[in-house]
Amino acid sequence: MPKLLTDAQVRHFREQGYVAPFRAMSRDDASACRQRIEAYETAAGHDANRTLKIKGHLAFPWLVELGRNPAVLDAVEDVIGPNILLFGASIFAKDGNDPRYVSWHQDSAYFGLTPHEEVTAWIGFTDSRPESGCLRVMPKSHLGPDLQHVETRAKDNMLARGQTIEGIDDAAGVELVLEAGQFSLHHERTAHASRANHSGDRRIGFAFFYIPTHVGSTVGRRTALLVRGEDRYRHWDPEVVPQHDLDERSFALLRSVWGQYKDGEVVQAAEAVE
C-alpha cells in the first residue's frame, strides 16, 4: 500500500510523469525557510541562485533536514521504493516582476544516472502560481528518450547553460500550482519549465533530487546521502553533510560540483549515447 499517494496518484505519476500537490510543511514553516534563504542572501551579498545549486542542501543543516522530510520521503517511496538516496538539491528563486525563466529541459540530460529512475520533489517556500512563474511540466514526456538540448546561455534563462529543448509544444504544458509548504513530484525525464514572475512578490522553491539506491552514476563515483532504508549497492560515496551553517568542508563540495556542472564538464546524455 502507498504511504502518502493514492493508487490513482501513483498510476498518474507512472503514466504522466508528475503528480501534485502534497503538503510538506505548514505555511509558517515555509515562511521561515524563505526568511532563512533571504538572511543568507543578505549576508552573502548575492542572489541564492548563484550558489545553492546541484548540492545546495550542503550549505545548511536545516536544508539537509528538509531533504529528510517524512511526508516528502513517503511520497518519494511510493514511486521509487523504500531505499532512497538524496544526491542533490537546487534553489529556484525569482524576484517579483522578474524576467528570468527556466526553458524546457529534462533533468536526465545532465544528471548522469543509470537507470533513469530519479524523482524530483519541488518544495515551495512561497506560493507558486501561473502569474509568479510556477513549475510547468510536459505530460508523458518521460516515456521517451533523452532529448537533445541546445545550450543557449541566454541571459535571463536560470539554467546554468541555458539548455533548451527546441520544437516542444509549449501550449501542452501543465502548470503545477502550489501553496507555500506544498510540493510536487516529477520524473527526471519529464520535460519541465517555468515562465517569468509577473507578480509583485518573490517565488522561491527548492528542488530535491532522489534516487533509489540501485541507481548508479555514469560519470564516475560521486557522493549522495542515504535518507531512508538501506544501501546494499554502494554505488555512491557518503555525503559530507554540514555540521553547522556554511560548514567549509561541505560547502567546498557544493562549490566544486556546481562549478563542474555550470562550466560544462558534465556532458548531456543525448550526446554521450553513441
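Here the structure is shown first, and the text comes after it.
For the structure given in this document, a descriptive report is provided here.

1. Things to note about the overall build of the protein chain
Each helix and strand in the protein chain was counted, giving seven helices and 15 strands. Its C-alpha atoms give the protein chain a radius of gyration of 17 Å, within 12% of the compact-globule value 19 Å for 274 residues. Overall, the C-alpha framework of the protein chain stretches about 45 × 45 × 40 Å when taken along its three principal axes. Across the 274 residues of the protein chain, 57% fall into the buried class.

2. What about the environment of aspartate 98?
Note on placement: aspartate 98 falls in the loop between β2 (84–94) and β3 (102–105). You can call aspartate 98 buried: its relative accessible area is 6%. Put simply, aspartate 98 and leucine 225 are 127 residues apart on the chain and 34 Å apart in space, counted from C-alpha to C-alpha. Look past the residues within four positions of aspartate 98 in its chain and what remains in contact with it is Ala196 and Asn197. A distance of 2.8 Å separates the side chain of aspartate 98 from the backbone nitrogen of aspartate 95, its partner in a polar contact.

3. Structural notes on the pattern of salt bridges
Summed over the entire model, instances satisfying the criterion amount to 24 salt bridges. With a shortest N-O distance of 3.8 Å, aspartate 95 and arginine 100 are connected by a salt bridge. Of the charged contacts in the structure, one is a salt bridge between aspartate 146 and arginine 189, with a shortest N-O distance of 3.2 Å. Of this pair, aspartate 146 sits in the loop between β6 (135–137) and β7 (150–151) while arginine 189 sits in the loop between β10 (182–187) and β11 (192–194), placing them 43 residues apart in sequence. In terms of burial, aspartate 146 and arginine 189 fall into one category: buried. One network of salt bridges, with partners in common, ties together Arg34, Glu38, Glu41, Asp47, Asp95, Asp98, Arg100, Asp201 and Arg202.

4. Here's the deal with the sheet that holds β11
The pairing of strands in a sheet comes from backbone hydrogen bonds and takes either a parallel or an antiparallel form. The four strands lie next to each other as β3-β11-β6-β9, forming an open sheet whose pairing is antiparallel. In this open sheet, the two strands that pair with only one neighbour each are β3 and β9 (174–175). Where β6 lies against β9, two bridges are found, and the strand directions are antiparallel. If you follow arginine 136 over to β9, its bridge partner there is glutamate 175.

5. Notes on the pairing of β10
Side chains on a regular strand alternate between the two faces of the sheet. Of all six residues that make up β10, six are buried, and the element is covered over most of its length. Burial of the side chains of β10 extends over both faces: Gln182, Ser184 and His186 are buried on one face and Phe183, Leu185 and His187 on the other. Where strand β5 (residues 119–124) lies against β10, five bridges are found, and the strand directions are antiparallel. By the bridge assignment for β10, threonine 120 is matched with histidine 186.

6. Quick look at the sheet that holds strand β15 (residues 237–238)
Spatially, seven strands are ordered β1-β10-β5-β12-β2-β14-β15 in an open sheet, and the strand pairing comes out mixed. Each end of this open sheet is capped by a strand with a single partner; those strands are β1 (18–23) and β15. Pairing geometry for strand β14 (residues 223–228) and β15, over two bridges, is parallel. Note on β15: the bridge partner recorded for threonine 223 is aspartate 237. The strands touched by helix α2 (residues 27–44) within the sheet are β1, β2, β5 and β12 (203–212), with β12 carrying the most contacts at an inclination of about 100°.

Parameters and conventions
Each chain has its residues counted from 1, running along the sequence as written. Where totals are concerned, whole chains, interfaces and linings use all residues; where local detail is concerned, this predicted model gives features only for residues with pLDDT of at least 70, and gives and counts side-chain atom pairs only at 80 or more. Excluding hydrogens and water, the side-chain figures rest on all heavy atoms present in the structure. Comment: elements are numbered from the N terminus, with helices defined as DSSP H or I runs of at least four residues and strands as E runs of at least two. Here the radius of gyration uses the C-alpha set of atoms, whereas the globule reference equals 2.2 Å times the residue count to the power 0.38. Summary of the burial criterion: residues with accessible area below 20% of their type's maximum are buried, those above 50% are exposed, and those between are partly exposed, where the area comes from a 1.4 Å probe applied to protein chains only. Any two residues whose heavy atoms approach within 4.5 Å are treated as being in contact. Any pair of N or O atoms that falls within 3.5 Å is considered a polar contact. Within protein, one atom must be able to donate a hydrogen and the other to accept it, and sequence-neighbouring residues count only if both atoms are side-chain atoms. Definition used for salt bridges: Asp or Glu carboxyl oxygen within 4 Å of a side-chain nitrogen of Lys or Arg. At least two DSSP bridges between two strands are required for those strands to pair. Whenever a helix is involved, its axis is fitted only over the stretch in contact; in every case the axis is a line through C-alpha atoms, and angles between N-to-C directions fall within 0 to 180 degrees.

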